[in-house]
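As a plain string of letters, each chain reads:
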Amino acid sequence: MKSPDREWLKKRLMPGVIIILIAFVVLFARLVYLQIIEGDEFRRLSKNNCIRLKSVEASRGLIYDRNGVLLVDNRPWFNLEIVLKDAVPVNETLGKLADFIGVSVDEFTEKIEEKGRFSRYKPFLLRKGLSRDQLAVVEAHKFDLPGVVIDVKSRRNYIYKKRAAHLIGYLGEINKKELKNGRYSGVRAGDSIGRSGAEKVFEDLLRGKRGGEQIEVDASGRLVRVIKRVDSISGKNIFLTLDNVLQQKAESMLKGKAGAVVAIDPNNGDVLVMASAPSFDLNDFIGGISFKNWNALISDSKRPIVNKAVQGEYPPASTYKIVTAIAALEEGVIDKNRSWFCPGYYKYGNRRYRCWKKWGHGEMNVLDAIEQSCDVFFYHAGEETGVDALAQYARGCGFDKITGIELENERPGLIPTSAWKRKRYNVPWQGGETLSIAIGQGFDLVTPLQMAVFIAAVGNDGTIYRPRILKSVQIPGQNAVVVKRPEITGGLPAGRKTLKIVKQGLFNVVQGERGTARAIRIKGIDIAGKTGTAQVFSIKNRDRHDNESLAYSLRDHAWFVCYAPAKDPVIAVSVLVEHGEHGSTAAAPIAGEIIKLYLKQKGLMDERG
Amino acid sequence: MFDRRLVEDFDWGLLLITVLILGVGLSVLYSAVTAGDCGGVHPLFKKQLVWICGGFIVMCISFMVHYQFLDKGSVAFYTVCVGLLMAVLLCGKHIGGSRRWLALGPFTMQPSELMKLSMIIVLSSVYSISASEHGLSFKGLVKPGLFLLIPFMLIVNQPDLGTALLLLFIAACMTLFVKVEKRVFYTCLGFAASAVPLVWFLLKDYQKSRILTFLNPERDPLGAGYHIIQSKIAIGSGMLFGKGYLKGTQNALSFLPEQHTDFILSVLAEEWGLAGCSFLLLLYFLLLLWGFNVSYCCRDKFGSILAFGITIMIFWQVFINIGMVMGLMPVVGVPLPLISYGGSSIVTNMVGIGILLNISMRNFTAN
């Protein structure tokens, strides 16, 4: 009963057998063709692995400043490699090689032993970055050194060494994990990728696409012909928003100090200057930084590796009075005319909160208080506004959050609220703490970049731009293209009236009779700004005018934030000098010099003065 | 009910052919991973030995139990495999731009390999009921079509076009084997022919470029094209009798890591020449004929279709792989059964042969 049902199925096997037979005949015929008919030719090509693949490196994109000044380019870099299979007798070859380039042969043998398992047919890297002399000797004795190969690669060259090192960033060899995660396409072991700064965040723009060649070589490894070639594609060149001349000025003025300078174009958020001192030489990182150099960098108490402009968090001190003034004006706590008397201190509970001016400022309204940086006025204004309202305005001004610049590891700073303190320390907010934060001390922390973005927004009447470091991108041989329009991330929580008062106050700081920064007044330029002197360490009854006798690390930080020209500003600057003591003497002159240079460059300086 | 006839009827011939092929594979693998290297026995070789031992164990399991149980458990097995494929898409291991592997402690497995077997079993189960002398109608193709489509799409997404197409070929062969109505056959053919330009039109440029390179490796002289040239040089340079065992030179340099996986035949061809290759082809041909014979002798439809499916699975892998290394076919990730390095492939093929042994030794009449 079952059998007849299946007979038809069995018959259908026959075509299958025939198809398989045909398929195997085809395979066999192909074997005969390759191994017998073409066999001699393939045998010839197989000797010494004649057909090889040669990688064609893609050059990494160049980095320019906003005016087209070349900051970073590429230089050839010669690596010494050896193909062990060709380098017979190996020990003799290694010995000769070591003699020629003046190193101990042990260096090579140890390297080879360390590596363990690897192919004797593939080039093995003996030494990175031969000097010109070493290269000449090796090339001259090429025929005494079988299997020795010079691999020409290109390496980064940071033309101005330490210039804008934090912003530009360095490269480092890709690690195994990164190779695996697929984030970097077309990258191989041994390749370098951006590790910090612009080199890292614009990695995908800067990195080119590797090409290669199928080549035929003769028995001694010399090129016979190129069979096929896939051209490499160069990386894109990038133009930073940075102004090399201003950057140089900023760095030279920070020389010997620790601190940061940020300058921004208030009309679009372009970062014109981003200096962090002390800096480091980017060229030290090429081919891997030496242990000694790295150790020196990370053990330096002035933290050269840290980009203080975006990662340094400091008490804003008196520069923060701008925020307090905005909050108090907007909340209606004060108006243009409301004044308090400053006797040199403010008694809160049984504690005296002092004004920086021991003997007091006398009667102060908001304009006077900004101009002379009276602490007592802002104690009153801050107390009446309250900690949480102050914090709300500070957030609106861009604090307590990152600015969103392209750079990585940006710090958000900190603006406390009563809820934050309860959560963090499990104790209620103390009224006296409001006084401290109203003048930018206490828990308040900001970065120099945040301060620059903020003061730029004050200068341009309230628009907060996302700071940016990439101006345009260029495919080599084509015109540079602007890839992103300026991006507005918010507006200051301040009406026109409030801003007008605040800006008048800032104008008086430099231009007024009693302004705290009147010393930097420059003929022909109206600068508006605010000084700040941030307490690092508070000693009871410490005389704030006797800083010189204090140890360096206990001295105050000096701040100055400003924009110029006061009407329709084209530049906003934020300067922080760690332990620089007085904003007016340590920080303000740096800003003044940068502004002078920039306005001259722009032809906006009124020389008639 | 253990039957003495099970031992008497054991298919020693099939086992012998299998062991011979495995032996050839191990010796070639040894050469492939050792050549040009400094150091002792390569860990890959040891790993492969472990896999083969494991393969023998699962092979034994798969012929112990009566294959009728496979019929009953087919859908469950199939569901598990589809689940594994989904797991791969969700949390699989990335190697070389695709997700094909699941990590299991020190080993990784490739569920798409297992998927082939489970699809063959489930199709055999479906066709053993629906197939008749008149051929299948459209309606009869819906269920098998779905059983193919689910894993097909999952594997295409990995992306592993080669294995996906392999699945399609196996399913198509099995369907043709159990016969379809003429009008169904021609309609499907016409449909497929008209779908090709339509799909082509919908593809994005980079996808088109990928397919063109797939069909013509010369377009990618630094990748697949280079592998093919090296493979052809290696095979051709073997000439009639080869360069001798462990004396091959091509495999030492050029196309790691594929030389021990998909391109392993080129190592054999270089060292053993046409003689060695012919011997291997002969072994495979015998294996396939043997598989057909098992199908022929089997007394029920399920076993017959299953044996055919497994045999055709081995055939397609052999044909595609050998065609590929000789430059006749696109470069796809299809390993050479029982020879290429790779646990999932070894185990899958050995289980397949275990099932063939199973069917073969139970083909006595049940009277």
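Worth saying up front: this structure is predicted, and the values here are computed from it rather than measured.

Undergrad: Sorry, what's going on with the interface of chain B and chain A here?
TA: Taken together, the 48 residues of chain B in the interface contact 41 residues of chain A. If you tally residues by element for the side of chain B that touches chain A, the top one is helix α12 (residues 264–297) of chain B, at twelve residues. Here the residues of the side of chain B that touches chain A are counted per class, giving 27 nonpolar, 16 polar and five charged.

Undergrad: Just checking my understanding: could you explain the pairing of strand β12 (residues 271–277) of chain A for this structure?
TA: Taken residue by residue, a regular strand's side chains alternate between the two faces of the sheet. Residues and elements named next belong to chain A. Burial analysis of β12 places seven of its seven residues in the buried class, the great majority of the element. In terms of strand pairing, strand β11 (residues 259–264) meets β12 through six bridges, oriented antiparallel. Residue pairing across strands places Ala260 opposite Ser276, the latter belonging to β12. Turn length for the β11-β12 hairpin, with the two strands adjacent in sequence and antiparallel, is six residues, and the turn residue Gly269 shows positive phi of about 85 degrees.

Undergrad: Just checking my understanding: could you explain unusual backbone geometry for this structure?
TA: Negative phi characterises most residues that are not glycine, and trans characterises most peptide bonds. Residues and elements named next belong to chain A. Cis peptide bonds are those with omega within 30 degrees of zero, and the linkage from Ala277 to Pro278 qualifies with -5 degrees. Summarising the element assignment, Pro278 is placed in the loop between β12 and α12 (291–299). Backbone torsion omega between Ala564 and Pro565 reads -10 degrees, so that peptide bond is classified as cis. Residue position: Pro565 is located in the loop between β21 (557–564) and β22 (571–577). We note that Asp568 has phi near 50 degrees; this positive angle belongs to a residue other than glycine. Looking at the element boundaries, Asp568 is found in the loop between β21 and β22. By the C-beta count within 10 Å, which is 13 here, Asp568 ends up partly exposed.

Undergrad: Just checking my understanding: could you explain helix α7 (residues 161–177) of chain B for this structure?
TA: For an α-helix, the turn length of 3.6 residues means that residues three or four places apart are oriented alike. Its 17 residues place the ends of α7 of chain B 24 Å apart at the C-alpha level, agreeing with the 24 Å of an ideal helix rising 1.5 Å per residue. All of the buried residues in α7 of chain B are Gly162, Thr163, Ala164, Leu166, Leu167, Ile170, Ala171, Met174, Thr175 and Phe177 of chain B. The inward-facing, buried residues of α7 of chain B contact α2 (13–37) of chain A together with α5 (111–130), α6 (138–156) and α13 (301–325) of chain B. Two residues or fewer past α7 of chain B, Lys179 of chain B is found with a positive phi of approximately 80 degrees.

Undergrad: Got a minute to help me understand the sheet that holds strand β20 (residues 528–534) of chain A in this structure?
TA: Backbone hydrogen bonds hold the strands of a sheet together, and the pairing may be parallel or antiparallel. All names here are of chain A. If you walk across this open sheet you meet the five strands as β12-β11-β22-β21-β20, and the pairing is antiparallel. Edge positions in the sheet fall to β12 and β20, since each of these pairs with one other strand and no more. This sheet shows a mean twist of 5 degrees between the axes of neighbouring strands, independent of strand direction. Judged from the six bridges that link them, β11 and β22 form a sheet pairing that is antiparallel. Residue pairing across strands places Val261 opposite Val575, the latter belonging to β22.

Undergrad: Explain the nonpolar core to me, please; I cannot follow it from the model alone.
TA: The nonpolar side chains of a soluble globular protein tend to be buried, and buried together. Counting 132 residues, the largest nonpolar core has Val261, Val262, Ala263, Ala452, Val573 and Ala587 of chain A as its most contacted members. Formed by 106 residues, the second largest nonpolar core is a distinct cluster that contains Leu27 of chain A together with Met59, Phe147 and Phe315 of chain B.

Undergrad: Just checking my understanding: could you explain the environment of Asp65 of chain A for this structure?
TA: Residues and elements named next belong to chain A. Relative to the assigned elements, Asp65 resides in the loop between β2 (63–64) and β3 (70–82). In this structure Asp65 comes out as buried when scored by C-beta crowding, with 22 C-beta atoms within 10 Å. As for Asp65 and Ala29, which are separated by 36 residues in sequence, their C-alpha atoms are 64 Å apart. Excluding residues within four positions of it along the chain, Asp65 makes contact with Leu71, Leu240, Leu242, Asp243 and Asn244.

Undergrad: Sorry if this is basic, but what is going on with helix α3 (residues 43–64) of chain B here?
TA: For α3 of chain B, which comprises 22 residues, the first-to-last C-alpha distance of 32 Å matches the rise-based estimate of 32 Å (1.5 Å per residue) to within 8%. In this fold, the buried residues of α3 of chain B make contact with α2 (12–34) and α14 (343–361) of chain B.

Undergrad: Can you walk me through the pairing of β22 of chain A in this structure?
TA: Residue and element names in this part refer to chain A. Buried residues dominate β22, accounting for seven of its seven residues. Covered by surrounding structure in β22 are Ile571, Val573, Val575 and Val577 together with Ala572, Ser574 and Leu576, the residues of both alternating faces. Bridge analysis of β21 against β22 gives seven bridges, and the strand direction is antiparallel. Note that in β22 the partner of Val561 across the bridge is Ser574. Joining the antiparallel neighbours β21 and β22 is a turn of six residues, in which Asp568 adopts a positive phi near 50 degrees.

Undergrad: Just checking my understanding: could you explain the sheet that holds strand β8 (residues 211–217) of chain A for this structure?
TA: Residues and elements named next belong to chain A. In space, the three strands of this open sheet follow the order β1-β8-β9, with antiparallel pairing throughout. Here the strands that pair on one side only, and so sit at the sheet edges, are β1 (51–56) and β9 (223–230). Neighbouring strand axes in the sheet, compared pairwise and without regard to direction, differ in orientation by 30 degrees on average. Bridge analysis of β8 against β9 gives six bridges, and the strand direction is antiparallel. Bridging from a neighbouring strand, Gln214 pairs with Lys228 of β9.

Calculation rules
Sequence order sets the numbering: in each chain, residues are counted from 1 along the sequence as written. Following the order in which they are written, the chains are lettered starting with A and the ligands numbered starting with 1. Per-residue local features of the predicted model are confined to residues with pLDDT of at least 70, and side-chain atom pairs are confined, for both listing and counting, to 80 or more; whole-chain, interface and lining totals are unaffected and use all residues. Residue pairs qualify as contacts under a 7 Å threshold applied to their C-beta atoms, which are placed from the backbone. Under the scheme used here, helices are H or I runs from DSSP no shorter than 4 residues and strands are E runs no shorter than 2 residues, and both carry numbers assigned from the N terminus. Each residue gets one of three labels, nonpolar for Ala, Val, Leu, Ile, Met, Phe, Trp, Tyr, Cys and Pro, charged for Asp, Glu, Lys and Arg, and polar for the others, Gly among them. Three classes are used. A residue is buried when 20 or more other C-beta atoms lie within 10 Å of its own, exposed when 12 or fewer do, and partly exposed in between, with C-beta atoms placed from the backbone. Should DSSP find at least two bridges between two strands, the strands are taken to pair. To estimate the expected span of a helix, count its residues, drop one, and scale the result by 1.5 Å. For helices, the fitted axis covers only the stretch in contact; all axes are lines through C-alpha atoms, and the angles between them, taken along N-to-C directions, range from 0 to 180 degrees. Remark: nonpolar core denotes a set of buried Ala, Val, Leu, Ile, Met, Phe, Trp, Tyr and Cys residues whose joining runs through C-beta atoms within 7 Å.

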